[in-house]
Amino acid sequence: MRDFFYELHHYEDPSFPIIFHFNELTQQFNEIFYHWHINIELLYFISGEAEVSSNSTTYRAGPGDIIIINSNHLHNIKTISDNCSYYCLILDYRFCMELDFDVTSSVFCEKTRDPEMVNIFNIIIREMTNKKDHYKKAVRALCVTMSILLYRNQVILEAGSSSKTDPKVEMIKSSIEYMNKNYRNNFNLDELAAEICVSKYHFCRTFKELTGKTVKEYILMLRCHNAQLLLQKNNISILECAERSGFNDASYFSRCYKKQFGYLPSQERKKL
């Protein structure tokens, strides 16, 4: 199962330190889990509506909106319509550093409809879709322009300015990392709170405040998504999928799975 906390980006072509892809969220797969990464990420929404949470703020995004995910900001994406679609552009921080743009220490406005940025995004989409000769060089050049537009029109706090780390966000990052490593095992809130050195009552309130979920809901979500990936492999039993995802009771697993995805675990196999 992939990690849902710190996301490490890999580039197949070192000369092209850019990740670009199309995402669609549906009622069956309606959320990108909370995670963070050092690279700056831009989301360009095409259809539907979504809520994007970044650190302690939630933004509503629809067609034409660009959401900017700042470096190391804890974030997730959840559709609030039947489905939504968007393009994702991730710029490697070292690529930006070469342009003398320190995105790791800068903070940008997190929602914009800047027509120049939208225009550049649409040209990138065409280049990446058509893949004509030298398209990678073209996209690199377009990303340089996108970086200039970010610093020209969207920057709130530039590198070198004083900024404070939000202790609540750092606490939630630590807890998510712990839960992602241990969700298959039985652990209680006292153990989790002790691990991150806070009272469990303060932790539970803060977790709900920042993520919109209770700790129990988040753990069940992790377990159900892991079970879904195992079920799709189709080479182990449903009971084993449940046990390997942290569920000790088959009936409880089925109820949780149906609540998460809208159908029973047995129906996952029928979709294959």
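Data block above holds the structure.
**Q** Tell me about the overall build of the chain, residues and numbers included.
**A** Along its length, the chain carries 10 helices and 11 strands. Seen through its C-alpha atoms, the chain measures out along the principal axes to roughly 55 × 45 × 35 Å. A buried classification covers 48% of the 272 residues belonging to the chain. Contacts in the chain between residues far apart in sequence, at least 24 positions, make up 75% of those at least 6 positions apart. When the accessible surface of the chain is split by element, carbon and sulfur atoms take 48% of a total near 13,700 Å². Of the side-chain charges in the chain, 32 are positive and 33 negative, and the distance between the mean point of each set is 6 Å.

**Q** Report on the sheet that holds strand β6 (residues 66-69), specifying residues and quantitative values.
**A** Ordered by their spatial adjacency, five strands build an open sheet running β1-β8-β3-β6-β10, and the pairing between neighbours is antiparallel. Two strands in the sheet have a free side with no partner beyond their single neighbour: β1 (18-26) and β10 (111-112). Note: β6 against β10, two bridges, orientation antiparallel. Across the sheet, Ile 67 pairs through a bridge with Lys 111, a residue of β10. Strands β1, β3 (40-47), β6, β8 (83-91) and β10 of the sheet are contacted by helix α2 (residues 115-130), whose axis makes an angle of about 85° with β3. The strands touched by helix α3 (residues 135-154) within the sheet are β1, β3, β6, β8 and β10, with β8 carrying the most contacts at an inclination of about 95°.

**Q** Would you mind going over the sheet that holds strand β2 (residues 31-35) in detail, with residue names and values included?
**A** Taken in spatial order, the four strands of this open sheet run β2-β7-β4-β5, and their pairing is antiparallel. One side of each edge strand has no neighbouring strand; the edge strands of this open sheet are β2 and β5 (57-61). Geometrically, the sheet is characterised by an average inter-axis angle of 15° between neighbouring strands, direction not taken into account. With three bridges joining them, β2 and strand β7 (residues 75-79) adopt antiparallel strand pairing. From the neighbouring strand, Glu 31 faces β7, where its bridge partner is Lys 78.

**Q** Before we move on, can you summarise α2 with the specific residues and values?
**A** Along its 16 residues, α2 runs 23 Å from first to last C-alpha, staying within 8% of the 22 Å computed at 1.5 Å per residue. Among all positions of α2, only Met 117, Val 118, Ile 120, Phe 121, Ile 124, Ile 125 and Met 128 are buried. Burial along α2 is one-sided: seen end-on, the buried residues are contained in an arc of 160°. At the N-terminal end of α2, a side-chain oxygen is found 2.9 Å from the backbone nitrogen of Glu 116, two or three residues along, and the residue is Asp 114. Following α2 by one or two positions, Lys 131 adopts a phi angle in the positive range, close to 50°.

**Q** I'd like a description of the packing of aromatic side chains, backed by residues and values.
**A** Within this structure, the stated rule accounts for 17 aromatic pairs. Members of the aromatic cluster, each reached through a chain of ring pairs, are Phe 247, Tyr 252, Phe 253, Tyr 257, Phe 261 and Tyr 263.

**Q** For the side chain of His 75, give the residues involved together with the corresponding values.
**A** Here His 75 is to be found in strand β7. Overall, His 75 belongs to the buried group, its relative accessible area being 1%. Polar side-chain contacts of His 75 include one of 3.3 Å to the side chain of Glu 41. There is a polar contact of 2.7 Å between the side chain of His 75 and the backbone oxygen of His 73. Aside from chain neighbours lying at most four places away, what touches His 75 is Phe 33, Tyr 34, His 35, Trp 36, His 37, Glu 41, Ser 53, Ser 54 and Ile 69.

Parameters at a glance
- Residues numbered from 1 in each chain as written.
- Predicted model: local features only at pLDDT ≥ 70, side-chain atom pairs only at ≥ 80, totals over all residues.
- Heavy atoms only, no water.
- Helix = DSSP H or I, 4+ residues; strand = E, 2+ residues; numbered from the N terminus.
- Buried < 20%, exposed > 50% of the residue type's maximum accessible area, 1.4 Å probe, protein only.
- Contact = heavy atoms within 4.5 Å.
- Areas by Shrake-Rupley, 256 points an atom, 1.4 Å probe, with all protein chains shown as cover.
- Lys, Arg positive; Asp, Glu negative; His and termini not counted.
- Charge placed at Lys NZ, Arg CZ, Asp CG, Glu CD.
- Pairing = 2+ DSSP bridges.
- Axes fitted to C-alpha atoms, helices over the stretch in contact; angles between N-to-C directions.
- Expected span 1.5 Å × (residues − 1).
- Arc of directions from axis to C-beta.
- Polar contact = N/O pair within 3.5 Å; in protein donor to acceptor, adjacent residues only side chain to side chain.
- Phe/Tyr/Trp six-rings, centres within 6.5 Å; stacked < 30°, edge-to-face > 60°.

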